Amino acid sequence: MTLDELDTPALVVDLDVMEANLQAMQQRVSARGLKLRPHTKAHKIPALAQRQLSLGGEGICTAKLGEAEVMADAGIMDILITTPIAHPIKYQRLVALYLAHPEGVFCQVVDHAEHVLGIGKCAVAAGVNVELLIEVESGQQRCGVALGKSLVDLIKLIEATEGVSYRGIQAYSGHLQHVQDFAQRQAQARAAVLPIFDFIDNQLLPQGLAPRVVSGGGTGTYQAYTGLGFTEIQAGSYIFMDAAYRALASRDNSRQNDEFSNALKVWTTVISHPTPERAVLDAGMKCLSIDMGMPLVEGREDIRYQSGGDEHGILHLAEGEVSLTIGQRLLMLPSHCDTTLNSYQTLYGIRGDEVVQSWDIAGRGRSD
Ligand code: PLP
Ligand code: MN
């Protein structure tokens, strides 16, 4: 099938660009002496997770237990669930993953005694052992236990609780992934986590409580984490990139971010052209998320996208620019890959004008 034959709106990925992104991140992280544990919240597709593993990934991350269930069902046996879970229903599901896949390790992030005791109780009843990673406050003020006695107590509690074991620490500074200036982003990323490594060296190590694993970093911050004590990087968006990541400055601040290239696009159609300056697209916020700003029209920087509600996108054409035609197709660059992808059931792989592959987005909507 050619792209022209594909109905819209459709989510497409440039296969060659995606493959280059995948290889580049694995090489860069390996070159820093770190492991890459790709965050699959970006794509939610087991086959792409398998590709990341075959390139050298240490295992994968999922944001949610539901995504982990999808990945485990597809045979992926080393999963880190990076968001705490907090109800017996969830604890039972986590334990059920271990029971369904005895050869698997499904490490769960926690930040409170409540989680540890709840998971431990279910694990003991089921006769399994659940690995835990403690999320530590890393500047974002989202989840995360504070450095100090509360962290030491939590580690000791895990060590004393049957059914669970202590793997280490998660330190993820999500608020710094999109700091515009490259050097500032790297400096702020290091500064946010330095106290954690001080604490490990000066408090945890002497007590025999040092983490085996320290996991963190994303597409915007992974470069900052050389020589600190991180063991693995959890980047996710690099596989696709998006307009928000592209808008960051390059390393020398002379251009837009050129570390990875935009692979994910939405194939759309112009459905109306009420005035010469205004056209309307069949893609509103249900298929092009706007939580990180507006999407871009590939190859037409003169056109500005404005949200037209759930199902419409309004395109503003600069005066004197080439107009569009009703029925014309446009490739849009999503502003945020994660939230855009979650609206689709199928991802089409393209090479030039050819649609050569498609995947079911099996983890789509699995925020449970
Ligand atoms: N780790 C955690 C805990 C995250 O929440 C995210 C993304 O939100 C990532 C890693 C991946 O970051 P990115 O998609 O910016 O590479
Ligand atoms: Mn994101």
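Residues numbered from 1 in each chain as written. Chains lettered and ligands numbered in written order. Predicted model: local features only at pLDDT ≥ 70, side-chain atom pairs only at ≥ 80, totals over all residues. Heavy atoms only, no water.

A few words now on the sheet that holds strand S3 (residues 60-62). Think of a sheet as strands paired side by side through backbone hydrogen bonds, with each pair either parallel or antiparallel. The parallel open sheet is built from 8 strands, whose spatial order is S2-S9-S8-S7-S6-S5-S4-S3. Sheet topology places strand S2 (35-36) and S3 at the edges, where each strand pairs with a single neighbour. As defined by bridge partners, S3 adjoins strand S4 (residues 78-81) across 3 bridges and the pair is classed as parallel. Within S4, the residue paired with Thr62 across the bridge is Ile81. Strands S4, strand S5 (105-110) and strand S6 (130-135) of the sheet are contacted by helix H4 (residues 88-100), whose axis makes an angle of about 160° with S5. (Pairing = 2+ DSSP bridges. Helix = DSSP H or I, 4+ residues; strand = E, 2+ residues; numbered from the N terminus. Contact = heavy atoms within 4.5 Å. Axes fitted to C-alpha atoms, helices over the stretch in contact; angles between N-to-C directions.)

Let us now look at the pattern of salt bridges. All told, the structure shown has 22 salt bridges when counted by the stated rule. Between Glu259 and Arg28 there is a salt bridge; the shortest N-O distance is 3.4 Å. With Glu259 in the loop between helix H8 (243-246) and strand S10 (264-275) and Arg28 in helix H1 (residues 15-31), the pair connects residues that are 231 residues apart, well separated along the chain. Overall, the relative accessible area of 28% leaves Arg28 in the partly exposed class. Put simply, Lys286 and Asp310 hold a salt bridge, and the shortest N to O gap is 3.9 Å. In this pair, Lys286 sits in the loop between strand S11 (278-281) and strand S12 (296-297) while Asp310 sits in the loop between strand S13 (303-307) and strand S14 (313-317), placing the two residues 24 residues apart along the sequence. Its relative accessible area of 48% is what places Lys286 among the partly exposed residues. Judged by relative accessible area, which is 41%, Asp310 ranks as partly exposed. (Salt bridge = Lys/Arg side-chain N within 4 Å of Asp/Glu carboxyl O. Buried < 20%, exposed > 50% of the residue type's maximum accessible area, 1.4 Å probe, protein only.)

So, about the side chain of Thr8. Within the element layout of this structure, Thr8 appears in the segment before strand S1 (10-14). A polar side-chain atom of Thr8 sits 2.7 Å from a polar atom in the side chain of Thr269. Polar contacts involving the side chain of Thr8 include one to the side chain of Asp282, which spans 2.5 Å. What Thr8 contacts, discounting residues up to four positions off in sequence, is Trp267, Thr268, Thr269, Asp282 and Arg329. (Polar contact = N/O pair within 3.5 Å; in protein donor to acceptor, adjacent residues only side chain to side chain.)

Right, let's get into the site of ligand 1. Looking at ligand 1, there are 13 residues lining it, with Lys41, Thr219, Gln234, Ser237 and Tyr245 nearest. One of the side-chain nitrogen or oxygen atoms of Tyr172 is found 3.3 Å away from an oxygen atom of ligand 1. Contact distances for ligand 1 include 2.5 Å between an oxygen atom and a side-chain N or O atom of Tyr245. Protein contact buries 89% of the 390 Å² of open area that ligand 1 shows by itself. Placement of ligand 1 is best described as lying within the largest pocket. (Near = heavy atom within 4 Å. Areas by Shrake-Rupley, 256 points an atom, 1.4 Å probe, with all protein chains shown as cover. 1 Å grid on protein atoms, 1.4 Å probe; cavity = no way out; pocket = protein on both sides within 12 Å on 5 of 7 lines; lining within 4 Å. Sits in = over half its atoms within 2 Å of the grid points.)

UniProt feature "domain: D-serine dehydratase-like" (unreviewed entry): in the numbering of this structure it lies at residues 263-351. In residues 263-351, helix accounts for 6% and strand for 44%; the two terminal C-alpha atoms are 11 Å from one another. (UniProt positions renumbered as here; feature names shortened; annotations may be inferred.)

Take the side chain of Ser138 next. For Ser138, the position within the fold is in the loop between S6 and helix H6 (149-160). Engagement of the side chain of Ser138 in a polar contact is seen with the backbone oxygen of Val136, the distance being 2.8 Å. Excluding residues within four positions of it along the chain, Ser138 makes contact with Ala171, Tyr172, Ser173, His175, Ala192, Val193 and Ile196.

Protein coordination at the manganese ion (ligand 2): the donors are His336 (NE2) and Asp338 (OD), at 2.2 to 2.3 Å from the metal. Note on Asp338: relative accessible area 10%, which makes it buried. (Donors = N, O, S within 2.8 Å, 3.2 Å for Na, K, Ca; no water.)

Turning to the packing of helix H3 (residues 65-73) against H4, a few remarks are in order. Running from N to C, H3 and H4 point in directions that differ by 20°, and their axes come no closer than 11 Å. On the basis of the axis angle, H3 is roughly parallel to H4. In this structure, the crossing between H3 and H4 has a hand that is left-handed. In this structure, H3 uses Leu65, Gly66, Ala68, Glu69 and Ala72 to contact H4, whose residues at the interface are Lys90, Arg93, Leu94 and Leu97. For the contact of H3 with H4, the residue count by class is 5 nonpolar, 1 polar and 3 charged. (Parallel < 35°, antiparallel > 145°, perpendicular 65-115°, else oblique. Left-handed = near helix turned anticlockwise from the far one by under 90°. Nonpolar A, V, L, I, M, F, W, Y, C, P; charged D, E, K, R; others polar.)

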